[in-house]
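Here is what each chain is made of, one letter per residue.
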Amino acid sequence: MHMDELWPGGPRFYQRAPVFKIGTDAVLLAHFAKTPREGLGIDLGSGTGVLSVLLAQKSPGLYMDCVDILPEAVALTTENAALNDLSARIRATQADLREIRTHLNAGAYDLAVANPPYFPVGSGKRAAGAVADARDETLCSLDNLISAAAYLLRWGGQFFVVHRPERLGELFATMNRYALEPKRLRTVAPTAKQAPSLVLVEGRRGGNPGLIIEPPLPLYSPDGGNSPEIKEIYRR
């Protein structure tokens, strides 16, 4: 096990196998998410707990519930909440999103966030061991995820997710099927001249049609260094 600090004096996180390591995608999603000053949120597939820690620090009145199918992830989220003095506002529970109705109440949450597996089963992207479960949809399909988010959110509640651009059509179609209206989209690309590698999406439970497409977020500048916005996000 080792500990990482996102930026000097910033949030710290223990990381250990078999829980998937913290990636840029989770940090970008936390930055993209518009959180209420207070309320109750849920992190669907919490992993290390990075999303909940960042969102709780962003909004001092926000409480976060975290669910993950791996007991190791639940333990790690609990440890990372304590490490960042957030034990009073972050709690973690072991649960299968496919059976979420047996664990949590419908319409109980103001927002839901997810950094889900990106690849469909059979896509050829299968890794080994528990890491594979964080990369592909063997234990949680896109439909499972969106269905769980829609069930848990109150009417008007917000949903924030990061995914792959090639799955965007499927993502929007699934969100619409469960009355989660896509409201905001931002693409993430290595540079301003390259195709996107990630999409950040905001949905609203029962929202009216109307999608805002924000300017793309480049990760790197033409000189190869971090882009100005990435430097801002990571406090560099």
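Preceding block: the structure.
Residues numbered from 1 in each chain as written. Predicted model: local features only at pLDDT ≥ 70, side-chain atom pairs only at ≥ 80, totals over all residues. Heavy atoms only, no water.

1. Observations concerning the overall build of the protein chain
In terms of regular secondary structure, the protein chain is built from 7 helices and 11 strands. Taken against the 2.2 N^0.38 rule, which gives 18 Å for 236 residues, the C-alpha radius of gyration of the protein chain at 17 Å falls within 12% of a compact globule. Residue burial in the protein chain is summarised as follows: out of 236 residues, 48% are buried. Partitioning the contacts of the protein chain with sequence separation of at least 6, the portion at a separation of at least 24 is 69%. Counting every atom, the protein chain has about 10,900 Å² of accessible surface; 53% of that belongs to carbon and sulfur. Taken as two groups, the 26 positive and 25 negative side-chain charges of the protein chain have centres that lie 4 Å from each other. (Helix = DSSP H or I, 4+ residues; strand = E, 2+ residues; numbered from the N terminus. Rg over C-alpha atoms; globule rule 2.2 N^0.38 Å. Buried < 20%, exposed > 50% of the residue type's maximum accessible area, 1.4 Å probe, protein only. Contact = heavy atoms within 4.5 Å. Areas by Shrake-Rupley, 256 points an atom, 1.4 Å probe, with all protein chains shown as cover. Lys, Arg positive; Asp, Glu negative; His and termini not counted. Charge placed at Lys NZ, Arg CZ, Asp CG, Glu CD.)

2. Some thoughts on the layout of surface pockets
Looking at the second largest pocket, its volume works out to about 220 Å³. As for the second largest pocket, its lining consists of W7, V27, A30, H31, L54, Q57, K58, E232, I233 and R235. Where the lining of the second largest pocket is concerned, the elements lending two or more residues are α1 (24-32), α2 (50-58) and α7 (228-233). (1 Å grid on protein atoms, 1.4 Å probe; cavity = no way out; pocket = protein on both sides within 12 Å on 5 of 7 lines; lining within 4 Å. Points joined across faces, edges and corners; volume = space filled by probe spheres on them.)

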